[in-house]
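# Chains, contacts and geometry: an overview
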Amino acid sequence: MNQHAQPLAAYRRVAAQVHPLVAVVKLYDEAIRQLRLAILAAQDRRHEESHACITKSSTILRGLCHCLRFDKGEEVAQQLLKAYTYNIMAIHTAYGRRDATARYEKIIRHLTGLRNSWAEIAGMTPKTIVPPAPAIRR
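What follows concerns the overall build of the protein chain. Looking only at helices and strands, the protein chain has five helices and zero strands in total. Across the 138 residues in the protein chain, those meeting the buried criterion constitute 36%. When contacts within the protein chain are restricted to residue pairs at least 6 apart in sequence, those whose partners lie at least 24 apart make up 61%. When the accessible surface of the protein chain is summed, it comes to about 8600 Å², and 56% of that surface belongs to carbon and sulfur atoms.

Okay, structure coming up:
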């Protein structure tokens, strides 16, 4: 399976079960959840688990990139592609850094804003941005 097939297959599974706009919101929710799990795993020094979580989060965003409809609105699609690409890069460059938690929290805030925009379009409830959990120092 090539690198794009897995995220596309996940999107198609979710989209087949719910309205596509709801699917997009659910995918954002999962990407955000995976980043939260990555933070917790890193704080507990479970580095392999943390890396797996950031990989899942970026895979979801990569899948969303490949589902953009440039024929339905090129300007919006370009902006979303730029946002997704930026966040994918930010997720991976934050891994292992001392300030990774702060970086991931910033990404979570950004993704939550995007998520809430899609939720509004879909008629769903927006989520408040949860303040970061205090870092555990060992």
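Turning our eyes to something else, we now look at helix H3 (residues 47-65). For H3, which comprises 19 residues, the first-to-last C-alpha distance of 27 Å matches the rise-based estimate of 27 Å (1.5 Å per residue) to within 8%. By the burial criterion, the buried members of H3 are Ser 50, Cys 53, Ile 54, Ser 57, Ser 58, Thr 59, Ile 60, Leu 61, Gly 63, Leu 64 and Cys 65.

This next bit is on the environment of Leu 61. Topologically, Leu 61 is positioned in helix H3. When the C-alpha atoms of Leu 61 and Leu 81 are compared, they prove to be 9.4 Å apart, with 20 residues separating the residues in sequence.

Attention now goes to the nonpolar core. Membership of the largest hydrophobic core comes to 29 residues, with the highest contact counts inside it found for Tyr 28, Leu 35, Leu 64, Tyr 84, Tyr 104 and Leu 111. If you list the elements that add at least two residues to this core, you get helix H2 (20-43), H3, helix H4 (74-94) and helix H5 (100-122). Apart from residues no more than four positions distant in its own chain, Leu 111 is found in contact with Tyr 28, Ile 32, Leu 35, Leu 61 and Asn 87.

Here we come to the packing of aromatic side chains. Summed over the entire model, instances satisfying the criterion amount to one aromatic pair. Ring geometry for Tyr 28 versus Tyr 84: centroids 6.2 Å apart, planes at 50°, classification tilted. In this pair, Tyr 28 is assigned in helix H2 and Tyr 84 in helix H4, connecting sequence segments 56 residues apart. For the residue pair Tyr 28 and Tyr 84, the accessibility class agrees, reading buried in each case.

This next bit is on the pattern of salt bridges. Side-chain pairs of opposite charge can arise where the charged atoms are in close proximity. Under the criterion given, the structure shown has eight salt bridges. The salt bridge involving Asp 44 is made with Arg 46; its shortest N-O contact spans 3.0 Å. Here Arg 46 falls in the partly exposed class, since its relative accessible area comes to 31%. Each of Asp 29, Arg 115 and Lys 127 takes part in one network of salt bridges that share partners.

Attention shifts here to the side chain of Ser 58. The topology assignment puts Ser 58 in helix H3. Within the structure, Ser 58 has its side chain in polar contact with the backbone oxygen of Thr 55 (distance 3.2 Å). In contact with Ser 58, not counting residues within four places along its chain, are Ile 88, Ile 91 and His 92.

Cut-off values and rules
- Residues numbered from 1 in each chain as written.
- Predicted model: local features only at pLDDT ≥ 70, side-chain atom pairs only at ≥ 80, totals over all residues.
- Heavy atoms only, no water.
- Helix = DSSP H or I, 4+ residues; strand = E, 2+ residues; numbered from the N terminus.
- Buried < 20%, exposed > 50% of the residue type's maximum accessible area, 1.4 Å probe, protein only.
- Contact = heavy atoms within 4.5 Å.
- Areas by Shrake-Rupley, 256 points an atom, 1.4 Å probe, with all protein chains shown as cover.
- Expected span 1.5 Å × (residues − 1).
- Core = buried A, V, L, I, M, F, W, Y, C linked by side-chain atoms within 4.5 Å.
- Phe/Tyr/Trp six-rings, centres within 6.5 Å; stacked < 30°, edge-to-face > 60°.
- Salt bridge = Lys/Arg side-chain N within 4 Å of Asp/Glu carboxyl O.
- Polar contact = N/O pair within 3.5 Å; in protein donor to acceptor, adjacent residues only side chain to side chain.

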